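For reference, the chains in residue letters:
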Amino acid sequence: AHLITMTSLSEEVLLVVKKVRQKKQDGTLYLMAERIAWGPEGKDRFTVSHLYADIRCQKISPDGKAKVQLQLVLHTGESTTFHFANESTALKDREAAKELLQQLLPKFKKKANKELEEKNRMLQEDPVLFQLYKDLVVSQVISAEEFWANRLGGINNTDPSPYNNKQEVGISGAFLADIRPQTDGCNGLRYNLTADIIESIFRTYPAVKQKYSENVPHNLTEKEFWTRFFQSHYFHRDRINTGTQDIFSECAKQDEKGLKSLVTQGVKNPLVDLQSLEDKTLDEGYGICTTQPSTSNANKSVKDSSNSAIIKRFNHHSAMVLAAGSRRGELASDQASETSSTDGNSRDSDFFQPPVKKVKLQEAIEFEDLQRENRPKTVPLNLKKSDRYAHGPVPLQSQQYTTSQDIINSVNYIRHEMANYKPSLTQVLSSTAATSAIAALSPGGVLMQGGAQQAINQMVPTEVQGELKHLYVAAGELLRHFWSCFPVNTPFLEEKVIKMKSNLERFQMTKLHPFKEKIQRQYLSTNLTGHLEEMLQTAYSKFQIWQTRRMMRKT
Amino acid sequence: MKLNIEGLLVYFPYDYIYPEQYSYMLELKRTLDAKGHGVLEMPSGTGKTISLLSLIVAYQRAFPLEVTKLIYCSRTVPEIEKVVEELRKLMEFYTKETGESNNFLALALSSRKNLCIHPEVSSLRFGKEVDGKCHSLTASYIRAQHHSNPNLPVCRFYEEFDSVGRQVPLPAGIYNLDDLKAFGRRKGWCPYYLARYSILHANIVVYSYHYLLDPKIADLVSKELAKKSVVVFDEAHNIDNVCIDSMSVNITRRTLDRCQNNVDTLQNTIHKIKETDAAKLREEYRRLVEGLKEANVARETDIYLANPVLPDEILQEAVPGSIRTAEHFVGFMRRFLEYLKSRLRVQHVVQESAPQFLKDIFDKVCIDRKPLRFCAERLQSLLRTLEIADIADFSAVTLISNFATLVSTYSQGFTIIIEPFEDRTPTIANPVLHFSCMDPSIAIKPVFQRFQSVVITSGTLSPLDIYPRILDFRPVTMASFTMTLARTCLCPLIVGRGNDQVALSSKFETREDFAVIRNYGNLLLEMSAIVPDGIVAFFTSYVYMENIVASWYEQGILENIQRNKLIFIETQDAAETSMALEKYQEACENGRGAILLSVARGKVSEGIDFVHHYGRAVLMFGVPYVYTQSRILKARLEYLRDQFQIRENDFLTFDAMRHAAQCVGRAIRGKTDYGLMIFADKRYARADKRGKLPRWIQEHINDGSLNLTVDEAVQLSKHFLRQMAQPFRQEDQLGLSLLTLEQLESEEMLQKITQIAHQT
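None of the values given here were measured: they were computed from a predicted structure.

### Some thoughts on the sheet that holds strand 11 (residues 414–421) of chain B
All names here are of chain B.
- Here we have 4 strands laid out as an open sheet, ordered 9-12-11-10, and antiparallel in their pairing. With partners counted over all chains shown, the strands left at the sheet margins are strand 9 (249–252) and strand 10 (350–352), one partner each. Averaged over all pairs of adjacent strands, the angle between their axes in this sheet comes to 10°, without regard to strand direction.
- Here 7 bridges tie strand 11 to strand 12 (residues 429–437), and the two strands are oriented antiparallel to one another. Its bridge partner being in strand 12, Thr-415 is matched across the sheet by Ser-436.
- Contacting strand 9 and strand 12, helix 13 (residues 253–276) runs over the sheet at an angle of about 80° to strand 9.
- Relative to the sheet, helix 16 (residues 326–344) contacts strand 9, strand 10, strand 11 and strand 12, its axis offset from that of strand 12 by approximately 115°.

Rendered as structure tokens:
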């Protein structure tokens, strides 16, 4: 009954440890299904409660120390220390808590870590985002949650965002070579296996993985499994299969089968198909056989067949490594070819074979340097929603557009004018008027004020420029949040838009105004922040309009 | 652009031209003008094919009565298809420029396997099966039986073609193999027979060597092609071997056993027919009395009419009486077979000439020369009479009868070698009778005699003068062209020593030498670290490669190479190798990089191009000499020495170097391409070897790179690759190795161009 009052929902309590001190207060530690909590003695609420997902790690005090402690370090960097104070069972208590946490934490870690790692990675990869984070979150303009709210969408969504679309790392072709056997001094060999190598073996040889899952741990320990693997003929390609109880002989057979099926499938590119290269092979019995026919397997020596086994294995290994690296891509193309093959009958498949062949043939006869223009290779447009592209945003009102043809015409016109320009020397400016005109047109002159870009580059120190840039980014981010609320059609959005407006105001107060004052202090007369203020003003007025409309609707 | 080649207007479907292309066309035009034969060597990747086509098509248009047909022979199916595609490009250009569609008919011809559209027949995998099945549906007597018994299956595509297709000629246009099939499907006609029929009136025919050089096929397909044709043999560096192969026969015990079965079957069939339809046999006898001329009737469809070489005089004569009746002939064949069996029971190697063989057979079993000569023809007649559907089964007896005809027809240029066992396995009896042709000119002679101009061309034909000698013809032009280059995009290096100064060589004495193998491994390892994308390495033979790979594996060299690139290895199985090749290309494509270990004289070295990143370096481990211990080769060398005054060593070196050049030439397929060519054998440095490389490779070997160590080669390669990695634009080439029409027509350039062709 005591517990139920303390936990709002009935949670499963996994462990209760009494006499645990936290901040020099006695209390009880509870380990529950999803969180760890501590309540001071005599009170029916928790003063400390951490979700397991928030905990980065636990630390314990060294054994010899007087105080028996357990520290929890959170992802935020904070930490909480518990002191096990029950004199007789302190160590045992802590061990129990530690053991349990050890089991629990990894389960939650994965999920939390993934998100956290993702955030971390995004911040590391994108310095602009990082700056934004510093500007907005660290300075507490908006909360971290708000900041991540629509950025992490990509992670949870299945939609592959560019961040998510990382290339898969392939497998080194020589991963087996990395397992150099070392003699351990007493007539034995030691193989060093790492998790990476095991992963490589599994990815390259699915048959071995299958064997592993079949046999470990029911029949063999992991160590035994790998020992057998290294002893097997399967690993040593040059040995001829002799042992029958070798569990890997089946793998070899499967490989053989896979290889055969690959071979019978044939090749897609007709230009490398050696079988159909010759147009007319000589009939049996004709021709000069300069090489000794070694057709009969009987008179092949053991060495020969072991040699050819090595060669086969190398081809197979390379093919498997290659396939493991591009398995995902393969799948898609396989499907594509399958769907296309449904309409063709068995070998009369040349209905759709020609495209590959045609392309390859064209490639083969092409002389790129003999053609006139080497047009740059264009990137195909990848449309996610083609209907949106087709219909596009329609301009609201008709406007005066300048087409590129207009521009070209006017450029031509100007060029033409320039070419035909004839100075009429009788009607020239006086020298003073000319000098002042030149002055006015030089940088810094009256007529050159408009070139703001140039002005900023030249007139504002770089640090101010940098600061301004950050302000822009931050303001842009806030405004994006703000505008994304429109149209405001849910209560949630209503709440958000109000919050965002206050965020904007806070931004203006805490960031923009100090900056403005600063540049004023530095006598930078140009109105650098004008545009920013304008943007904010637009947002405010939008907000105003929305609010008045809402009021009207309410009344 | 439109070119003026000594007064001939040539349409050239590109905006620019390589200087050597212009030079090549000049030489070609002179050959055609003189109505003679020519030998032209031009590097691969300099647009040889399009130059050839442009000039000959222009010539055909300008002098339609002088040159009526172009017969373009290439080696592989992809090559054939490439030629047709280039031709299509040219014709499109003609249409664009002249505004009128010209009435040229050009088509590719290939075996049934590549052209058949019959759903059942075309699903068979092997060419021989397709041929056999096709024959069982289209043979004349099958079709005749079909008239009385409509349930008997025939090929509807052939029937349709036979009844309708012959009347209307194939409309003008360019037909590749797939186009022919599409056309055949649309019309319901057999594309294969349509193509075979259409080559007679086509302006351009593209097919493989065999249709002209293998007398068994040439007699069927190409016999009636017009005399005023220009014949081009592209990729002709191995043409002598093609000629020899098509005329040689090997007979083993297995062949004889199968032949025995064939003869038994024939005898049984004859017995049966005698009881039921004796008239048929009498009819045949009557025909044979009248001579073989009439045997032409059903020639087209019945492929067993193929005849090795049927001398003209035979066609005039009647079949000798001793083999005229079916039973007598079968008895004759039995006797011949028994004789061959007895000859195969030998304990030691026997070598003899054709006249010796004939004398022996006359002494032992009283078989005369004359009936032997008729053997092939007589057998075909019998097979036709007996209406045997599946001729594939009778390949053994056909082979024996072809042998009989050949051995009795030619007294020179052939040798007979009977070996009781293979050299490597002297304990296992496996007697073989080799009847091998040693004189390539026999097979190609009819081509030179019949056609007005024959052009032999390839990227590697050096030394040029040897081809006219071994093929026995008088060319009017012989020229070798170099590749004009704005940047030196090929880098031939001769690596003669390892870093430990051990001489590198694949010669027999050091073949098993551990130090050499290790150094070869080091060379490959070092290269794998510095060369981007693909590396191709060639070995001198398959056995050699197997041994080296095994010992590299033991020494851990391959594992180290795998850290840099994936390894793929050619095997003796073509399907497996195709897959390895495709994977190799995939690995080059996706950036991982790969090494292909392959064999000179293998299929890869002859048929596969490694353009751009598919081959940034080619390594040639050793000099690819042919296996010199073979008796057949020895006999051939002797023959070459006696007949053509070609010294044995000269020929062997020539043969090795042309294969080496083929291998390394695989990597450079154009002026924008680049690649290293590494000759890893100290023997390449010698003048007699180096001098036999094509000029376009030779001229880039400088004296400093003749005997490099592995390290030095690596340094040079690094430097070369870095240079090549710089951007290379069209402007860099213009005026040097790439010309506009104006540049071409300038006096100075024309002067330069005359130097490109190297006359011999």
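Once the structure has been displayed, the description carries forward.
### Points about the pattern of salt bridges
- In total, this model carries 51 salt bridges over all chains according to the counting rule given.
- Of the charged contacts, one joins Arg-550 of chain A and Glu-494 of chain A as a salt bridge, the two residues approaching to 3.1 Å between their closest N and O atoms. Linking Arg-550 of chain A in helix 19 (residues 530–554) with Glu-494 of chain A in helix 18 (residues 491–521), this pair joins segments that are 56 residues apart in sequence.
- We classify Glu-494 of chain A as partly exposed; its relative accessible area is 28%.
- For Lys-274 of chain B, the salt bridge goes to Glu-327 of chain B, with nearest N and O atoms at 2.2 Å. Highlighted residues: Lys-274 of chain B in helix 13 and Glu-327 of chain B in helix 16, separated in sequence by 53 residues.
- The exposure class assigned to Lys-274 of chain B is partly exposed, which follows from its relative accessible area of 42%.
- Taken together, the shared-partner salt bridges connect Asp-240, Arg-601, Arg-636, Asp-655 and Arg-658 of chain B into one network.

### As for the domain arrangement of chain A
- According to the domain assignment, chain A contains domain 1 (13–113), domain 2 (182–265) and domain 3 (461–554).
- Computed over C-alpha atoms only, the centres of domain 1 of chain A and domain 3 of chain A are separated by 44 Å.

### With respect to the domain arrangement of chain B
All names here are of chain B.
- As far as domains go, chain B holds domain 1 (245–438) and domain 2 (488–726).
- Centre-to-centre, using C-alpha coordinates, domain 1 lies 44 Å away from domain 2.
- Across the boundary between the two partners, domain 1 contributes 11 residues, which contact 8 residues of domain 2.
- It is Ile-417, Asp-423 and Met-438 that lose the most area in domain 1 upon contact with domain 2, and together they represent 47% of the buried surface on that side.
- Seen at the junction of domain 1 and domain 2, the total is 1 salt bridge.
- Put simply, Glu-419 and Arg-631 hold a salt bridge, and the shortest N to O gap is 2.5 Å.
- Taken together, domain 1 and domain 2 are joined by 1 residue pair in polar contact (both at pLDDT 80 or more).
- Taken together, the elements giving at least two residues each to the side of domain 1 that touches domain 2 come down to strand 11 and strand 12.
- It is strand 11 that contributes the most residues to the side of domain 1 that touches domain 2, 3 residues altogether.

Thresholds, definitions, all that
- All residue numbers here refer to positions counted from 1 along the written sequence of the relevant chain.
- Starting at A for chains and at 1 for ligands, labels are handed out in the order in which the entities are written.
- Side-chain atom pairs in this predicted model are given and counted only at pLDDT of 80 or more, local residue features only at pLDDT of at least 70, and totals for whole chains, interfaces and linings cover all residues.
- Note that the side-chain values use all heavy atoms of the structure and ignore hydrogens as well as water.
- By definition, two strands form a pair when at least two bridges between them are found by DSSP.
- Secondary structure elements are taken from DSSP: a helix is a run of H or I of four residues or more, a strand is a run of E of two residues or more, and numbering for both begins at the N terminus.
- Fitting a line to C-alpha atoms yields each axis, with helices limited to the stretch in contact; the angle taken between N-to-C directions then spans 0 to 180 degrees.
- Whether two residues are in contact is decided by their heavy atoms: any pair within 4.5 Å suffices.
- Salt bridge, as used here, is a side-chain nitrogen of Lys or Arg placed within 4 Å of a carboxyl oxygen of Asp or Glu.
- The classification of residues rests on relative accessible area computed with a 1.4 Å probe and restricted to protein chains. Under 20% of the type maximum is buried, over 50% is exposed, and intermediate values are partly exposed.
- The source of the domain bounds is an automatic or database domain assignment.
- The term buried area refers to how much accessible surface (probe radius 1.4 Å) is lost by two components on association, counted for both of them together.
- The term polar contact refers here to a pair of N or O atoms within 3.5 Å; inside protein, the definition further demands a hydrogen-donor-capable atom paired with an acceptor-capable atom, and it admits residues adjacent in sequence only when both atoms are side-chain atoms.

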